[in-house]
Amino acid sequence: MVGSQDLTRKRRILFCGEASYLSTGYATYTREVLRRLHSTGKYDIAELGTYGKPNEPEIKDVPWKFYPNIPDINNTRDVQEYNSNHINQFGAWKFESICLDFKPDIVIDIRDFWMMEFEERSPFRRFFNWIIMPTVDAAPQNPQWLSTFANAEAVLTYSEWGQDVLKQESGGKIKCRGTASPSADAKYTLRAPASRAI
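As the structure is a prediction and not an experimental result, all values here were calculated from the model.

Q: Before we move on, can you summarise the nonpolar core with the specific residues and values?
A: Inside soluble globular proteins, nonpolar side chains tend to come together where they are buried. If you look at the biggest cluster of nonpolar residues, it comprises 31 residues, and the most contacted ones within it are Leu14, Phe95, Leu166 and Ile174. For Ile174, the residues in contact, after removing those within four places along its chain, are Leu146, Phe149, Ala150, Val155 and Leu166.

The following block contains the structure:
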């Protein structure tokens, strides 16, 4: 909880995004970040995995708590609720119940605005710190997006250009904390052959 944490337990991180075992760009980013956080042993971690289905065999290999977003097709009520609003595909219909169950101290989301904006409107928003990494690939940004981003405790960007856009267009109100390009990972960094000096 923001400002009222139990210091006798590990901080709890809820990561919202496309299921980390999928082969999409967002899933790959999610998987890489979660593996690193999990390997520290410092946090209790849970994942709200959109497009993840209950009882998928890949779930058994996920080493942290996993909440699949797609409902069981045999649960008519859940299927109806899921289909009742297009933002439910991004986790909106499950988010509140997961907050109640997991009680996250930190919620992280690395997606587009329309995939994460429901988290800001949560009645539990005051109980967690919100770290987001929205896709900033155009200027100017929508004023509604800027307003939402300004309410996060920390905003990361994919590029220095994106960070500059958010800082400038929000008048410095968005708490930009850095750039986290996927190309910064050593395994993705291009290197010259050993025989050539750069």
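Q: Provide a residue-level description of helix α6 (residues 160-169), including the pertinent values.
A: Taken as a whole, α6 has its buried residues at Gly162, Gln163, Val165 and Leu166. Around the axis of α6, the buried residues are gathered within 160° of arc, so they sit on the same side. Opposite the packed face of α6, turned more than 90 degrees from it, sit the exposed residues Glu160 and Gln168. Contacts from the buried residues of α6 go to α5 (143-149), β6 (154-157) and β7 (176-179). Gly171 lies just past α6 and shows a positive phi near 60°.

Q: Just give me the short version of unusual backbone geometry, but keep the residues and values in it.
A: Here the amide bond leading from Ala139 into Pro140 is cis, since omega sits at 0°, within 30 degrees of zero. Note on placement: Pro140 falls in the loop between β5 (129-132) and α5. Notably, Asn55 is not glycine yet its phi reads approximately 70°, a positive angle. Relative to the assigned elements, Asn55 resides in the loop between β2 (43-50) and β3 (65-68). Of note in the backbone geometry, Lys103 takes a positive phi value of approximately 55° without being a glycine.

Q: An account of the packing of aromatic side chains is needed here, citing residue identities and associated values.
A: Scanning all chains against the criterion turns up eight aromatic pairs. For the ring pair Tyr21 and Phe66, a centre distance of 5.6 Å and an interplane angle of 45° mean the geometry is tilted. Of the two residues, Tyr21 sits in the loop between β1 (11-18) and α1 (25-40) while Phe66 sits in strand β3, which places them 45 residues apart along the sequence. Seen in terms of ring centroids, Phe95 and Phe128 are 5.9 Å apart; in terms of plane orientation they differ by 80°. Their pairing is edge-to-face.

What counts, and where the lines are drawn
- Residues numbered from 1 in each chain as written.
- Predicted model: local features only at pLDDT ≥ 70, side-chain atom pairs only at ≥ 80, totals over all residues.
- Heavy atoms only, no water.
- Core = buried A, V, L, I, M, F, W, Y, C linked by side-chain atoms within 4.5 Å.
- Buried < 20%, exposed > 50% of the residue type's maximum accessible area, 1.4 Å probe, protein only.
- Contact = heavy atoms within 4.5 Å.
- Helix = DSSP H or I, 4+ residues; strand = E, 2+ residues; numbered from the N terminus.
- Arc of directions from axis to C-beta.
- Phe/Tyr/Trp six-rings, centres within 6.5 Å; stacked < 30°, edge-to-face > 60°.

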